[in-house]
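# Tertiary structure, described
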Amino acid sequence: MIEALKKSQLHRNWFTITSLVSKDFKLKYRRSVLGVLWSVLNPLLMMCVLAAVFTNVLKFGDVANFPMYLILGNVLFALMTDSTTGAMTSILESAPLIKKIRIAKLIFPIEKVLFQLVNFAISLIAVVLVMAFFRIAPTVNLFALPLLLIYMLLFCSGLGMLLSALAVFFRDVCHLWGVVITAWTYATPLFYPVSLLPDWMQQAEFFNPMYHYVTYFRDIAMYNCTPGLQENLICLGMALITFAIGLLVFKKSEKKFILYV
């Protein structure tokens, strides 16, 4: 009986998540002339702008296939940025629903991460186009992409749960996160080679989860390298630790949400 109730609850939660993802998807592209095409055009246009600036002005063009280097880092970092930013305000935005019905609050930050994962899948079309333009042939290493997405899903979900819980009690988190994201963007080698950094900063990158995830993505999609066991364990470890912290904080504080939203 208990098992049946758990399965029924899980089914209802999954139905709610998919419904919310569908709603967000429709809202995102509502009244947009190009619609879903923007998820492809946006990373391509950003790649062109950044490639022009950093190749001609800052002379980073010595990186082989620099536009490919750019787009891989940008689309993966955008997945983290958009999903955590959306998850951060998910509880606050869902306050009317939370006050009216009894619903698993964990659904809301998780849904935002899954929604951005759908957008990321669409943006991969842009990556494929750039690969075709630079004649970078896909290899068997791309089969490791689902593994990378699992790491990203766990990491972003954990960070999203943590931020969504903190934002309920401290609204300033919503403003500070934008500053953190900006600093994190420049601290991660998205548009410059890591060799440009001094030795101490290169060593500090070991503690930057997004550095590992971006490097993983570039290795399998651009450099035809198979990530070793050590790198997989680092990526998984960082994802699990972040997920565990986020879940713990969220579960400890979710009963008080109703008093603050």
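See the structure above.
Described in the following lines is the structure provided in the data block.

Thresholds applied
Counting restarts for each chain: residues are numbered from 1 in the order of the written sequence. Totals for whole chains, interfaces and linings use all residues, but because this is a predicted model, local features are given only for residues with pLDDT of at least 70 and pairs of side-chain atoms are given and counted only at 80 or more. Side-chain measures here rest on the full set of heavy atoms in the structure, leaving out hydrogens and waters. Runs of H or I in DSSP of at least four residues are treated as helices and runs of E of at least two as strands, each being numbered from the N terminus. Taken over C-alpha atoms, the radius of gyration is set against a globule rule of 2.2 Å times the number of residues to the power 0.38. Each residue is placed in one exposure class: buried if its accessible area under a 1.4 Å probe, protein chains only, is under 20% of its type's maximum, exposed if it is over 50%, and partly exposed if it falls in between. For the charge count, each Lys or Arg is scored as positive and each Asp or Glu as negative, with His and the chain ends excluded. Here the site of a charge means NZ on Lys, CZ on Arg, CG on Asp, or CD on Glu. Lines fitted to the C-alpha atoms define the axes, with helices restricted to the stretch that makes contact. Angles between their N-to-C directions range from 0 to 180 degrees. Throughout, the term roughly parallel applies to angles under 35 degrees, roughly antiparallel to angles over 145, roughly perpendicular to angles from 65 to 115, and oblique to all others. Crossing chirality is assigned from the near helix's rotation relative to the far helix, an anticlockwise turn below a right angle marking it left-handed and a clockwise turn marking it right-handed. Contacts are residue-level and defined by heavy atoms, with any inter-residue pair within 4.5 Å sufficient. For this classification, Asp, Glu, Lys and Arg are treated as charged, while Ala, Val, Leu, Ile, Met, Phe, Trp, Tyr, Cys and Pro are nonpolar and the rest, including Gly, are polar. Definition used in this section: a nonpolar core is a set of buried Ala, Val, Leu, Ile, Met, Phe, Trp, Tyr and Cys residues joined via side-chain atoms within 4.5 Å. Here the expected length of a helix is defined as 1.5 Å per residue gap, with one fewer gap than residues. Any two of the Phe, Tyr and Trp rings considered here, Trp counted by its six-membered ring, make a pair once their centres fall within 6.5 Å; the pair's planes then place it as stacked at under 30 degrees, edge-to-face at over 60, or tilted in between. Within this document, salt bridges are pairs made up of a side-chain nitrogen of Lys or Arg and a carboxyl oxygen of Asp or Glu, the two lying within 4 Å of each other.

### Structural notes on the overall build of the protein
- Tallying secondary structure elements over the protein gives 12 helices and zero strands in all.
- Starting at the N terminus and walking to the C terminus, you meet the elements of the protein as α-α-α-α-α-α-α-α-α-α-α-α.
- Computed over its C-alpha atoms, the radius of gyration of the protein comes to 20 Å, within 12% of the 18 Å expected for a compact globule of 261 residues.
- Projecting the C-alpha coordinates of the protein onto the three principal axes gives extents of approximately 60 × 45 × 40 Å.
- Buried residues in the protein amount to 48% of all 261 residues.
- Of the side-chain charges in the protein, 21 are positive and 12 negative, and the distance between the mean point of each set is 15 Å.

### Some thoughts on the packing of helix H10 (residues 209-221) against helix H11 (residues 229-253)
- Contact pair H10 / H11: the axes reach a minimum separation of 10 Å and the direction vectors enclose 135 degrees. By the criterion of interaxial angle, the relationship of H10 to H11 is oblique. Here H10 and H11 pass one another in a crossing that is left-handed. The segment H10 lies against H11, with Pro209, His212, Tyr213 and Tyr216 engaging Glu231, Asn232, Ile234, Cys235, Met238 and Ala239.
- Residue classes in the contact of H10 with H11 are distributed as seven nonpolar, two polar and one charged.

### Some points on the nonpolar core
- The biggest cluster of nonpolar side chains holds 59 residues, and the ones touching the most others in it are Ile71, Met80, Tyr213 and Phe217.
- Taken together, the elements giving at least two residues each to this core come down to helix H2 (38-56), helix H3 (66-88), helix H6 (107-133), helix H7 (145-169), helix H8 (172-187), H10 and H11.
- For this core, the element with the most residues is H3, which contributes 12 residues.
- Residues contacting Ile71, with those up to four places away along its chain left out, are Pro43, Leu44, Met47, Ala126, Val127 and Val130.
- Grouped together as the second largest cluster of nonpolar side chains are 18 residues, Leu20, Val21, Ala95 and Ala165 included.

### Digging into H6
- Relative to the 39 Å expected for 27 residues at 1.5 Å per residue, H6 spans 40 Å between its end C-alpha atoms, a close match to the ideal helical length.
- For H6, the buried fraction is high: 19 of the 27 residues fall into the buried class.
- Positioned one or two residues after H6, Arg135 has a phi angle of 55 degrees, which is positive.

### Things to note about the packing of aromatic side chains
- One pass over the full model with this rule turns up 14 aromatic pairs.
- Ring geometry for Tyr151 and Tyr216: centres 6.0 Å apart, planes at 90 degrees, overall edge-to-face. Of the two residues, Tyr151 is situated in helix H7 and Tyr216 in helix H10; the sequence distance between them amounts to 65 residues. Considered together, Tyr151 and Tyr216 belong to a single accessibility category, that of buried residues.
- Judged by centre distance (6.0 Å) and plane angle (50 degrees), the ring pair of Phe169 and Phe257 falls under tilted. Of this pair, Phe169 sits in helix H7 while Phe257 sits in helix H12 (residues 257-260), and the two are 88 residues apart along the sequence.
- On the accessibility criterion, Phe169 (26% relative accessible area) is partly exposed.

### Observations concerning unusual backbone geometry
- Of note, the phi angle at Arg135 is positive, near 55 degrees, even though the residue is not glycine.
- As for its position among the elements, Arg135 is in the loop between H6 and H7.
- Note on Arg135: relative accessible area 79%, which makes it exposed.
- Unusually for a residue other than glycine, Asn224 sits at a positive phi of about 55 degrees.
- Taking relative accessible area as the criterion, Asn224 reaches 47% and is therefore assigned partly exposed.

### Description of the pattern of salt bridges
- Scanning the model with the defined rule gives one salt bridge in all.
- Its salt-bridge partner being Lys251, residue Glu254 comes within 3.5 Å of it at the nearest N-O pair.

### Let's talk about the environment of Met88
- Mapped onto the fold, Met88 is located in helix H3.
- Met88 sits in the buried class, given a relative accessible area of 3%.
- Sequence separation between Met88 and Leu229 is 141 residues, and the spatial gap between their C-alpha atoms is 32 Å.

### Examining the packing of H3 against H10
- At their nearest, the axes of H3 and H10 sit 9 Å apart, and the two run at 135 degrees to each other. Taken together, the axes of H3 and H10 are oblique relative to one another. Helix-helix and strand crossings are classified by hand; for H3 and H10 the assignment is right-handed. For the pair H3 and H10, contact is made by Met68, Tyr69, Leu72, Gly73, Val75, Leu76, Phe77 and Met80 and by Met210, Tyr213, Val214, Phe217, Arg218 and Ala221, respectively.

Take it as geometry only, folks, not as evidence of what the structure does.
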